[in-house]
Amino acid sequence: MASSSGPSLNEELQCSICMEVFTDPVTTPCGHNFCKTCLIKCWTNTQTCFCPLCNEKFSKIPDLKINTTLREVVQHFKEKLNLGESEVFCDICDERKQKAVKTCLTCQSSYCDSHLEPHRRVPRLKKHTLINAVENLEDYICQKHERPLELFCRDDQTCVCLSCTEGEHRTHNTVPIEEESREKKNQLVQTQTDIHQMIQDRKKKIQEIQHSVELRKRNTEKEKSSSVEIFTDLIRSIERCQSDLMKMMEEQQKAAEKQAEDLIKEIHQEITELKRRNTELEQLSHTEDHLHLIQMSSSLYTRPHAKNWTEIRIDSDVNVNSLKRALTELKKTLDEKLSQTGLKFVQKFAVDVTLDPDTANPYLILSDDGKQVSYGDVKQDVPKNPKRFDMGLCVLAKQGFSSGRFYYEVQVKGKTQWTLGVARESINRKGEITLSPEDGVWIVILRNENEYYACESPSVYLSLRVKPEKVGVFVDYEEGLVSFYDVEYRSHIYSFTAQTFTEKLYPYFSPCDNDEGKNSNPLIITPVR
């Protein structure tokens, strides 16, 4: 890759992979520029191609052609910087001065290639100290003894000559200037490594923030979709609340995007400063001017102070609690109408449901008629079956439904824990079960005697006025609806709406464990009256 040209190098002329001036720049379909070699190396041994800067994925490897216009701009910029470099001329040339190639600190003169020849040939002159040609020769000579500064005093952190070590620096720790220069270069390399890591960490943080915003946006859209069209005959009554809800969610999203935009801007500013610092270090690390290297500010050799981005996060979840408060008025209206017409309507679709012993967890005990299930303290000796749940304390019904509407009722009286709903046929039967629609389960649960939840993503806490003793479960397959009712009080508990069903659905039951005897009552499938 090309070497950096100077601390004033414009960021647009640097490759974000190698952080140096472009060499054969190419442009990705998303519009970002990189050194051709850097980009090809980045895509080596990867399954998918993506932009290293914005992470946009490409279906196939793009046909990379050199951006000739950008290459010419880079070349012009390099040439312009080179013209600004100062030149040192030979002190011996009489007429047309030739450019000096070396400066002798012993002779305190600069020589072109021709006049340097004696220093390469004469044994006595071979012992002189030669460095790359410099203008400011006095900076390399001890002003007190007029001898070359060939040593470094670590006690006083200054360059000294041999005469200095016979005087005030006689007892000090002095080393050859080349040795100290090597030490400083090692420090430079470590600092460069730290800065490079800091840049990568910040780029990763930008990707993390962008991902969080996108995740939040998807969750926002999901919440928006699940908040509308509970029932067609209720649309007019929820329009006003729906409008307020959408506005609140959009404002939350805009606030999150604004926060992310500000954070990304701040990180970009840090990256720009780190690149500038790294460019200075890069130039310094390639210099053979040992004295200049040592005399630079000690702050260049230390890791830059920067903000700790580790704990900075963008919340990707929609604030469900605030949305619940906005829906309070709607829920009252909904419960009122459902209590009058909802349950009476769905009970028309009652089906006869029995439990399937081939799916029951070994710790569950089923009644002979397949209408009751309870938890047993002892694991039952049951046949192995791929349909059986081996860890989840649950059982499915024998009856499955892949179209239309169906409804059933379950007595939960006297229980402190239970789980009811429906599950798709491909639900995981082995190992732990994740209870969410994404994992093929649409359920309502009771925990700790009086804590009711709908297992959405995330779960929704249900504030019920009374403790249900009998729960009704209704499914409209085509409408993507799963609703729960308190049968005795003829009130609506909760509805999963706008779902997409592609498999057969089975009623799902879990009596949970006995809770030290407090939860020993069975779940009972009862006839619909």
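These figures come from a predicted structure and were not determined experimentally. (Residues numbered from 1 in each chain as written. Predicted model: local features only at pLDDT ≥ 70, side-chain atom pairs only at ≥ 80, totals over all residues. Heavy atoms only, no water.)

1. Focus: the overall build of the protein
- Helix and strand content of the protein: 9 helices and 23 strands.
- A total of 529 residues make up the protein; the buried ones form 44% of that total.
- Carbon and sulfur atoms form 47% of the exposed surface of the protein, whose accessible area is close to 29400 Å². (Helix = DSSP H or I, 4+ residues; strand = E, 2+ residues; numbered from the N terminus. Buried < 20%, exposed > 50% of the residue type's maximum accessible area, 1.4 Å probe, protein only. Areas by Shrake-Rupley, 256 points an atom, 1.4 Å probe, with all protein chains shown as cover.)

2. Observations concerning the packing of aromatic side chains
- This structure, assessed with the given rule, holds 12 aromatic pairs.
- Each ring, one from Phe-345 and one from Phe-349, has its centre 5.5 Å from the other, and the planes form 70°; the classification is edge-to-face.
- Accessibility expressed as a relative area gives 37% for Phe-345, which makes it partly exposed.
- Overall, Phe-349 belongs to the partly exposed group, its relative accessible area being 23%. (Phe/Tyr/Trp six-rings, centres within 6.5 Å; stacked < 30°, edge-to-face > 60°.)

3. Regarding the sheet that holds strand E10 (residues 174-176)
- The sheet built from 3 strands is open, its strands ordered E9-E8-E10 with antiparallel pairing. In the strand order of this sheet, the two ends are held by strand E9 (158-160) and E10, each with one partner. Averaged over all pairs of adjacent strands, the angle between their axes in this sheet comes to 35°, without regard to strand direction.
- Relative to E9, strand E8 (residues 151-153) runs antiparallel, the two being bridged by 3 bridges. The residue of E9 that forms the bridge with Phe-152 is Cys-159. (Pairing = 2+ DSSP bridges. Axes fitted to C-alpha atoms, helices over the stretch in contact; angles between N-to-C directions.)

4. Thoughts on unusual backbone geometry
- Between Ser-457 and Pro-458 the backbone carries a cis peptide bond, its omega angle lying at 0°.
- Its place among the elements puts Pro-458 in the loop between strand E17 (451-454) and strand E18 (460-462).
- Its identity is not glycine, yet Gln-157 carries a phi of approximately 55°, on the positive side.
- Phi is positive for Cys-512, close to 60°, though the residue is something other than glycine.
- Mapped onto the elements of the fold, Cys-512 is located in the loop between strand E22 (505-510) and strand E23 (523-526).

5. Brief notes about the side chain of Thr-279
- Checked against the element boundaries, Thr-279 lands in helix H6 (residues 235-285).
- On the basis of relative accessibility, which here comes to 4%, the residue Thr-279 falls in the buried class.
- A polar side-chain atom of Thr-279 sits 2.9 Å from the main-chain carbonyl oxygen of Lys-275. (Polar contact = N/O pair within 3.5 Å; in protein donor to acceptor, adjacent residues only side chain to side chain.)

6. Focus: the environment of Gly-414
- Inspection of the secondary structure puts Gly-414 in the loop between strand E14 (405-411) and strand E15 (418-424).
- Sequence separation between Gly-414 and Glu-449 is 35 residues, and the spatial gap between their C-alpha atoms is 9.2 Å.
- In this structure Gly-414 touches Lys-518 and Asn-521, once residues within four positions along its chain are discounted. (Contact = heavy atoms within 4.5 Å.)

7. Topic: the confidence of the model for the protein
- Averaged over all residues, the pLDDT of the protein equals 84, while 86% of them reach at least 70.
- The lowest-confidence element of the protein is helix H8 (residues 320-326), averaging 60 in pLDDT; the highest-confidence one is E22, averaging 98.
- In this model, residues 1-8 is a region of pLDDT below 50 whose contacts with residues beyond four sequence positions or in other chains number 31 contacts. (pLDDT = per-residue confidence, 0-100.)

8. Overview of the pattern of salt bridges
- Throughout the structure, instances matching the rule amount to 16 salt bridges.
- Arg-276 serves as the salt-bridge partner of Glu-273, at 2.4 Å between the closest nitrogen and oxygen. Of this pair, Glu-273 and Arg-276 both sit in helix H6, 3 residues apart, which is roughly one turn of that helix.
- For Arg-276, a relative accessible area of 31% corresponds to the partly exposed category.
- Three or more residues joined by partner-sharing salt bridges are found here, namely Arg-154, Glu-179, Glu-180 and Lys-184. (Salt bridge = Lys/Arg side-chain N within 4 Å of Asp/Glu carboxyl O.)

9. Some thoughts on the environment of Phe-496
- Its place among the elements puts Phe-496 in strand E21 (residues 491-496).
- In this structure the C-alpha to C-alpha distance between Phe-496 and Ile-443, which are 53 residues apart in sequence, comes to 8.9 Å.
- Other than its neighbours up to four places away in sequence, Phe-496 contacts Pro-437, Trp-442, Ile-443, Ala-454, Cys-455, Glu-456, Gly-480, Leu-481, Val-482 and Phe-484.

10. A closer look at the state of the cysteines
- Using the criterion set out here, one finds 0 disulfides in the structure.
- As a non-bridged cysteine, Cys-15 has Cys-18 as the owner of its nearest cysteine sulfur, 3.9 Å distant.
- Cys-153 takes part in no disulfide bond, and the closest cysteine sulfur, belonging to Cys-164, lies 9.3 Å away.
- Given the relative accessible area of 0%, Cys-153 is considered buried. (Disulfide = S-S within 2.5 Å.)

11. Some remarks on the nonpolar core
- Ranked by size, the top nonpolar core spans 37 residues in total, and within it Trp-418 and Phe-509 carry the most contacts.
- Leave out the neighbours within four places in its chain, and Trp-418 touches Val-412, Val-444, Ile-445, Leu-446, Arg-447, Tyr-452, Val-471, Ser-510, Cys-512 and Leu-523. (Core = buried A, V, L, I, M, F, W, Y, C linked by side-chain atoms within 4.5 Å.)

12. Topic: the pairing of strand E19 (residues 470-476)
- A large share of E19 lies buried, amounting to 7 of its 7 residues.
- Burial along E19 is two-sided: the residues Lys-470, Gly-472, Phe-474 and Asp-476 and Val-471, Val-473 and Val-475 are all buried.
- Pairing between E19 and strand E20 (residues 481-486): 6 bridges, direction antiparallel. Pairing of Gly-472 across the sheet is with Tyr-485, part of E20.
- Counting the residues that bridge the hairpin from E19 to E20 gives 4 residues, and of these Gly-480 lies at a positive phi of roughly 65°.

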